[in-house]
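Spelled out, the chains give:
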Amino acid sequence: MAIFVNGVIFENVDTSAPDCWRLEAYQARGGYEALKRILQSGMAQEDVIAEVKNSGLRGRGGAGFPTGLKWSFMPRSFPGDKYVVCNTDEGEPGTFKDRDILRFNPHALIEGMIIAGYAMGTRAGYNYIHGEIFAEYERFEAALDEARQAGLLGENILGTGFSFDLFAAHGYGAYICGEETALLESLEGKKGQPRFKPPFPASFGLYGKPTTINNTESFASVPFIIRDGAQKFLEAGKPNNGGTKLFSVSGHVNRPGNYEIPLGTPFSALLEMAGGMKDGKKLKAVIPGGSSAPILPAQIMMDCTMDYDSISKAGSMLGSGAVIVMNEDVCMVKALERLSYFYHEESCGQCTPCREGTGWLYRIIHRIENGEGRPDDLELLASVGNNMAGRTICALADAAVFPVRSFTKHFRHEFEYHIEHKTCMVDHKWC
Ligand SMILES: NC(=O)c1ccc[n+]([C@@H]2O[C@H](COP(=O)([O-])OP(=O)(O)OC[C@H]3O[C@@H](n4cnc5c(N)ncnc54)[C@H](O)[C@@H]3O)[C@@H](O)[C@H]2O)c1
Ligand SMILES: Cc1cc2nc3c(=O)[nH]c(=O)nc-3n(C[C@H](O)[C@H](O)[C@H](O)COP(=O)(O)O)c2cc1C
Ligand code: SF4
């Protein structure tokens, strides 16, 4: 179902060719040229970091933190071990882009991580891959073998004296293991539960050592930035929103799939690329950045461009780039019930407001959906949410609250109708 438009990571990748992922195909597209240029010219570490900073690349995992700035936090002169870690846990409902990078262009990620290792003075890296994806994990291992055999990984890379090795780690399929500190715990072989931040992984990361964690798409964007220049990457997007971005479009569209497009592209153009609305139905609402991003009604979304600033100004967030499209038949109570069940199931349970609060949210929405809602349930939902958001160790509790707040704000009349009439106002199809 993947469909790619020209962009930074999938530039010239023919995803229909079975060997498009192989080293030979990647090198034919200009792959590993960036790494060779850096190593053979002895480019200074700070110059590589400056280039990434100048590109305007912002973290593609969801929070949009500037990647070059994060790299500059690494204490390069720290004498002990330090690590780079890639987050391919990709558990956010609606998000399915990182697995396609492993499937179709794994060497872009490997090259990006080797460059990161060089720039930050680390000798080892790990890619933590979601436990429920097997073929992609194996594909990444096969690509690592190719890189090692070609002298691109390991000791004395390309005879330049620089050594760096990279390992794949298969996770456990828990959503919480995508939160960077839970990921580190899991990578260390422990139960995947988040740590308090600060300290951030930059100073206390894997095995307590300085660690830089980035999303798969963030690392995979780096070879282009070094090869074609920060300016070209920046100009592919818009100011403060450099580059192209992968959007996973799902829901009621004719052609669901991954679309790599310049940041700043109008949402209406993305919808058109995805084949428009299925069966000629009307657009009702969109979750623009994965299930934890606030939902936006159609009329607001149609005025947005797909970039961090525009979506945030409209009251939501670009998040992981998962665009969930809903048509006029969708019951918002049912949709929110499904999302709330997910967060209730995935809470790791170590903070009381999250462990108990996600259960409260789900049970209240479930009873509204089942025609057993009470007159004060919407106030109760708001109150439970206020006692959760910002009061926990990690952002999963916030992620559970944002959809509740936005669904009950923009589609309040549907919730009120359910409570008052004990049934759905849409047409019962979804309830
Ligand atoms: N891709 C997915 O599948 C998925 C799943 C769930 C959530 N998310 C996203 O995760 C986001 C939240 O992530 P988060 O809790 O890691 O966000 P965060 O804002 O705490 O951190 C973002 C990144 O910046 C770094 N950072 C931030 N401030 C720093 C500082 N002062 N010093 C050093 N480093 C600093 C963090 O270490 C992290 O790597 C949400 O916005 C959501 O979109 C993505
Ligand atoms: C509950 C939760 C789950 C997360 N899952 C992922 C994930 O699967 N992949 C990811 O890249 N980031 C995920 N994140 C964000 C990471 O903690 C972190 O911000 C990100 O990996 C940093 O990389 P970036 O700066 O390149 O985006 C998650 C955050 C939270 C709170
Ligand atoms: S907020 Fe929820 S998921 Fe995050 S640490 Fe606390 S209990 Fe675990």
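Residues numbered from 1 in each chain as written. Chains lettered and ligands numbered in written order. Predicted model: local features only at pLDDT ≥ 70, side-chain atom pairs only at ≥ 80, totals over all residues. Heavy atoms only, no water.

**Here's the deal with the packing of helix 16 (residues 377-386) against helix 17 (residues 396-410)**
Under the convention used in this document: Comment: axis = line fitted to C-alpha atoms, over the contacting stretch for helices; angle = value between 0 and 180 degrees taken between N-to-C directions. Numbering of helices and strands runs from the N terminus, with a helix taken as a DSSP run of H or I at least four residues long and a strand as a DSSP run of E at least two residues long. In this scheme the crossing of two helices becomes right-handed for a clockwise turn of the near helix relative to the far one and left-handed for an anticlockwise turn of less than a right angle. Contact definition: two residues touch when any of their heavy atoms are within 4.5 Å. Classification convention: Asp, Glu, Lys, Arg as charged; Ala, Val, Leu, Ile, Met, Phe, Trp, Tyr, Cys, Pro as nonpolar; all other residues, Gly among them, as polar.
Close contact between helix 16 and helix 17 brings their axes to 10 Å; oriented N to C, the two are set at 150°. Pair helix 16 / helix 17 crosses with left-handed handedness. Residues Leu378, Leu381, Gly385 and Asn386 of helix 16 pack against Val401, Val404, Arg405 and Thr408 of helix 17. Class assignment for the residues of the contact of helix 16 with helix 17 results in four nonpolar, three polar and one charged.

**Thoughts on a nonpolar patch on the surface**
For the record, the criterion: Each patch is built from salt-bridge-free residues with over 30% relative accessible area, joining like charges within 9 Å and nonpolar side chains (Val, Leu, Ile, Met, Phe, Trp, Tyr) within 5 Å. Areas reported as accessible are Shrake-Rupley estimates using a 1.4 Å probe. Residue values count occlusion only from the protein chains shown. In what follows, salt bridge is the name for a side-chain nitrogen of Lys or Arg lying within 4 Å of a carboxyl oxygen of Asp or Glu.
Together, Phe65, Leu69 and Phe73 make up an exposed nonpolar region whose accessible area comes to about 250 Å². Mapped onto the fold, phenylalanine 65 is located in the loop between helix 3 (45-54) and helix 4 (67-72).

**As for the pattern of salt bridges**
Applied cut-off: Type-normalised accessible area, obtained with a 1.4 Å probe on protein chains alone, sets the label of each residue: buried when under 20%, exposed when over 50%, and partly exposed for intermediate values.
In this structure the tally under the stated criterion is 31 salt bridges. Between glutamate 146 and arginine 22 there is a salt bridge, with the nearest N and O atoms lying 2.9 Å from each other. With a gap of 124 residues between them, glutamate 146 in helix 7 (residues 135-149) and arginine 22 in the segment before helix 1 (23-28) connect regions that are remote in the sequence. Taking relative accessible area as the criterion, glutamate 146 reaches 16% and is therefore assigned buried. Here glutamate 185 makes a salt bridge to lysine 190, at a shortest N to O gap of 3.7 Å. Looking at lysine 190, the relative accessible area reads 44%, which means it is partly exposed. Connected through salt bridges with shared partners, the residues Arg60, Lys97, Asp98, Glu217 and Lys245 form a single ionic network.

**Observations regarding the layout of surface pockets**
Convention followed: Here a cavity denotes a set of grid points, spaced 1 Å apart and computed over the protein atoms alone, in which a 1.4 Å probe fits but from which it cannot get out, and a pocket denotes an open set meeting protein on both sides within 12 Å along at least five of seven lines; residues with an atom within 4 Å of a point are reported as lining. Grid points are joined across faces, edges and corners, and a volume is the space filled by probe spheres set on the points.
Roughly 1300 Å³ of internal volume is contained in the largest pocket. For the largest pocket, the lining is made up of 44 residues, of which Gly61, Gly62, Ala63, Gly178 and Glu179 are closest to its centre. With five residues, strand 4 (residues 211-215) is the largest single contributor of residues to the lining of the largest pocket.

**Remarks on the site of ligand 3**
Condition: Here a residue is near a molecule or strand as soon as one of its heavy atoms is found within 4 Å of it. Molecules are considered to sit inside a cavity or pocket once more than half of their atoms lie within 2 Å of its grid points.
Ligand 3 sits among 13 residues. The nearest are Cys348, Gln350, Cys351, Cys354 and Cys394. Counting atoms within 2 Å of the grid points, the majority share of ligand 3 lands in the second largest cavity. Within the shell around ligand 3, the residues separate by chemical class into nine nonpolar, four polar and no charged.

**Concerning the pairing of strand 3 (residues 165-170)**
Remember that side chains alternate between the two faces of the sheet whenever the strand is regular. The condition is simple: Paired strands, in this sense, are two strands between which DSSP finds at least two bridges. By convention a crossover is right-handed if, when the strands point away from the viewer, the path from the first strand over the helix to the second runs clockwise.
Direction of pairing for strand 2 (residues 124-129) relative to strand 3: parallel, over a ladder of six bridges. Bridging from a neighbouring strand, tyrosine 128 pairs with alanine 169 of strand 3. A crossover connection joins strand 2 to the parallel strand 3 through helix 7; in handedness this β-α-β unit is right-handed.

**Some remarks on the site of ligand 1**
For the record, the criterion: Whenever a nitrogen or oxygen atom comes within 3.5 Å of another N or O atom, the pair is scored as a polar contact, on the condition that within protein one atom can donate a hydrogen and the other can accept it, and that pairs from neighbouring residues in sequence are kept only if both atoms are in side chains.
Near ligand 1 lie 18 residues; those nearest to it are Gly61, Lys70, Glu92, Glu180 and Lys197. Lysine 197 is positioned with one of its side-chain polar atoms (N or O) 3.1 Å from an oxygen atom of ligand 1. Relative to its free-state accessible area of 860 Å², ligand 1 is covered by the protein chains to the extent of 71%. The cavity that encloses ligand 1 is the largest pocket. Taken together, the residues of the shell around ligand 1 break down into eight nonpolar, five polar and five charged.

In short, the description is geometric, and any link to function would need to be established separately.
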